[in-house]
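Listed here are the chains, written in short residue letters.
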Amino acid sequence: MGRIFIVDDNKGVCSLLKELFTMEGHLAKTCSEIEKVHEKLESFKPDVSIFDIHIGKCDVLEFTKTLKMRHPDMEIIFMSADDPDECFKGQRFIKKPFDIFKVKEYVNKILLERVAV
């Protein structure tokens, strides 16, 4: 069982992913406002976080770098309907619209890799 944090201003996406991961036996929480991410992370401490790259008016890549300093064990996956910019090359990435079964497999694979380490 993993702890998965979904950050997207589209509440429908948050709800869908939360339901998907909860049905898989994971603990899942969502956040639709970038300003509340720090507060929610402190109490939840996820294994994996999924961030929409267009949430809020911040540079999400830089924002997540600061999060990784405080939560070094947290894996981050970026998500967007846009093709990833050059700065996201080499990062874990989910392209919207997504196949929920592939997202489930992708996240479960990351969680299994964490256990194997």
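Residues numbered from 1 in each chain as written. Predicted model: local features only at pLDDT ≥ 70, side-chain atom pairs only at ≥ 80, totals over all residues. Heavy atoms only, no water.

Draft legend 1. Spotlight on the nonpolar core. Of all hydrophobic cores here, the largest spans 19 residues; its most connected members are Phe-5, Val-7, Ile-34, Val-37, Phe-51, Leu-67 and Phe-78. Among the secondary structure elements, those contributing two or more residues to this core are strand 1 (3–7), helix 2 (37–44), helix 3 (60–70) and strand 4 (75–80). At four residues, helix 3 tops the list of elements feeding residues into this core. Contact partners of Phe-78, with chain neighbours within four places excluded, come to Phe-51, Ile-53, Val-60, Leu-61, Thr-64, Phe-88, Gln-91, Arg-92, Phe-93 and Ile-94. (Core = buried A, V, L, I, M, F, W, Y, C linked by side-chain atoms within 4.5 Å. Buried < 20%, exposed > 50% of the residue type's maximum accessible area, 1.4 Å probe, protein only. Helix = DSSP H or I, 4+ residues; strand = E, 2+ residues; numbered from the N terminus. Contact = heavy atoms within 4.5 Å.)

Draft legend 2. A look at the packing of aromatic side chains. Under the criterion given, the structure shown has four aromatic pairs. Residues Phe-78 and Phe-88 carry aromatic rings whose centres are separated by 5.0 Å and whose planes lie at 70 degrees to one another, so their mutual orientation is edge-to-face. With a gap of 10 residues between them, Phe-78 in strand 4 and Phe-88 in the loop between strand 4 and strand 5 (93–95) connect regions that are remote in the sequence. Accessibility classification places Phe-78 together with Phe-88 in one group, the buried group. Pairwise contacts between aromatic rings join Phe-78, Phe-88 and Phe-93 into one cluster. (Phe/Tyr/Trp six-rings, centres within 6.5 Å; stacked < 30°, edge-to-face > 60°.)

Draft legend 3. Fine view of unusual backbone geometry. With omega at -10 degrees, the peptide bond leading from Lys-96 into Pro-97 counts as cis. Considering the arrangement of structural elements, one finds Pro-97 in the loop between strand 5 and helix 4 (100–116). Although it is not a glycine, Lys-45 adopts a positive phi angle of roughly 50 degrees. Mapped onto the secondary structure, Lys-45 falls in the loop between helix 2 and strand 3 (48–52). A residue is classified by how much of its surface remains accessible, and Lys-45, at 47% relative accessible area, is partly exposed.

Draft legend 4. Representation of the sheet that holds strand 1 within the structure. On the basis of which strands lie adjacent, the open sheet formed by five strands has the order 2-1-3-4-5 and parallel pairing. Each having just a single partner strand, strand 2 (27–31) and strand 5 make up the two edges of the open sheet. Neighbour-to-neighbour, the strand axes of the sheet open up by a mean angle of 20 degrees, direction not taken into account. Bridge count between strand 3 and strand 4: five bridges; the pairing is parallel. Within strand 4, the position partnered with Phe-51 by the bridge is Phe-78. Across the face of the sheet, helix 3 comes into contact with strand 3 and strand 4 while running at roughly 165 degrees to strand 4. (Pairing = 2+ DSSP bridges. Axes fitted to C-alpha atoms, helices over the stretch in contact; angles between N-to-C directions.)

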